[in-house]
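Chain by chain, the residues run as shown.
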Amino acid sequence: MNDLEMMHVALATAREALKSGDIPVGAAIFNASGELIAVGHNERELHNDPTAHAEIVALRRASEKLGTWRLDELTLVVTLEPCAMCAGAIAQSRIQTVVFGAWDEKAGAVGSVWDLLRDPRSVFRTEVRAGILADECAALIKNFIQEVRKKD
């Protein structure tokens, strides 16, 4: 699968977060053959868990499925640039490649505010490809936020 095809999977997963009132961020993890290993979407509201970001949920599911915490030959695709917590988890899991859609100018930790995954001081570095379907990914979040503000 190419980046666009993988991002469509992450976007479909992001839409699932809307059912629980969570910010629609989705993540999907693929192996080198393009096989889907795991998906996750934000579940903070669903589980009252501040760590239940899409990336963390997908990493946990991939580790469970594969029986290892080392995810070093996998690609994580996420609709929003990972935050510092998620970037740290990605580095700890040894994910080989991260592909993301929309930039997060407030809390992004993969190039916007910080760049934790490509910091020269990091023990493990991750390949990053950014801006894949960025407008579509950003619009999903923007529309969600506008709807929440209308209710307030």
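Please refer to the structure higher up on the page.
Quick caveat, the model's predicted, so the values are computed rather than measured.

Asker: Can you break down the overall build of the protein chain residue by residue, with the values?
Answerer: Each helix and strand counted, the protein chain has five helices and five strands in total. Along the protein chain, helices and strands appear, N-terminal first, in the series α-β-β-α-α-β-α-β-β-α. In terms of overall size, the protein chain behaves like a compact globule, its C-alpha atoms giving a radius of gyration of 14 Å where 152 residues would be expected to give roughly 15 Å. The C-alpha extent of the protein chain, read off along each of the three principal axes, is 45 × 30 × 30 Å.

Asker: Would you mind going over the pairing of strand β4 (residues 97-102) in detail, with residue names and values included?
Answerer: Counted residue by residue, β4 has six buried out of six residues, so it is predominantly covered. Note that strand β3 (residues 75-80) and β4 share five bridges and pair parallel. Along β4, the bridge assignment pairs Val-78 with Phe-100. Regarding the hand of the β-α-β motif, the stretch spanning β3, helix α4 (residues 84-93) and β4 is right-handed.

Asker: I'd love a proper account of the pattern of salt bridges, names of residues and values included.
Answerer: Scanning the model with the defined rule gives eight salt bridges in all. Here Arg-15 makes a salt bridge to Glu-136, at a shortest N to O gap of 3.4 Å. Of this pair, Arg-15 sits in helix α1 (residues 3-17) while Glu-136 sits in helix α5 (residues 134-151), and the two are 121 residues apart along the sequence. Classification of Arg-15 as partly exposed rests on a relative accessible area of 38%. The partner of Arg-129 in a salt bridge is Glu-127, and the shortest N-O contact between them spans 2.7 Å. The exposure class of Arg-129 is partly exposed, given its relative accessible area of 27%. By relative accessible area, which is 40% here, Glu-127 ends up partly exposed. Connected through shared salt-bridge partners, Asp-3, Glu-127 and Arg-129 make up one network.

Asker: With reference to specific residues and values, describe unusual backbone geometry.
Answerer: One non-glycine residue with positive phi stands out, namely Asn-48, at about 50°. Summarising the element assignment, Asn-48 is placed in the loop between α2 (44-47) and α3 (54-66). For Arg-94, which is not glycine, the phi torsion reads 70° and is therefore positive. Position of Arg-94 among the secondary structure elements: in the loop between α4 and β4.

Asker: Requested: an account of α3, with residues and values cited.
Answerer: It helps to recall that an α-helix has 3.6 residues per turn; residues three or four apart then point in one direction. Its 13 residues place the ends of α3 18 Å apart at the C-alpha level, agreeing with the 18 Å of an ideal helix rising 1.5 Å per residue. Within the span of α3, buried status applies to Ala-54, Glu-55, Ile-56, Val-57, Ala-58, Leu-59, Ala-62 and Ser-63. Lining the buried residues of α3 we find β1 (26-30), β2 (36-41), β3 and α4. Gly-67, located one to two residues past α3, shows a positive phi value of around 70°.

About the cut-offs
Residues numbered from 1 in each chain as written. Predicted model: local features only at pLDDT ≥ 70, side-chain atom pairs only at ≥ 80, totals over all residues. Heavy atoms only, no water. Helix = DSSP H or I, 4+ residues; strand = E, 2+ residues; numbered from the N terminus. Rg over C-alpha atoms; globule rule 2.2 N^0.38 Å. Buried < 20%, exposed > 50% of the residue type's maximum accessible area, 1.4 Å probe, protein only. Pairing = 2+ DSSP bridges. Right-handed = clockwise from strand over helix to strand, strands pointing away. Salt bridge = Lys/Arg side-chain N within 4 Å of Asp/Glu carboxyl O. Expected span 1.5 Å × (residues − 1). Contact = heavy atoms within 4.5 Å.

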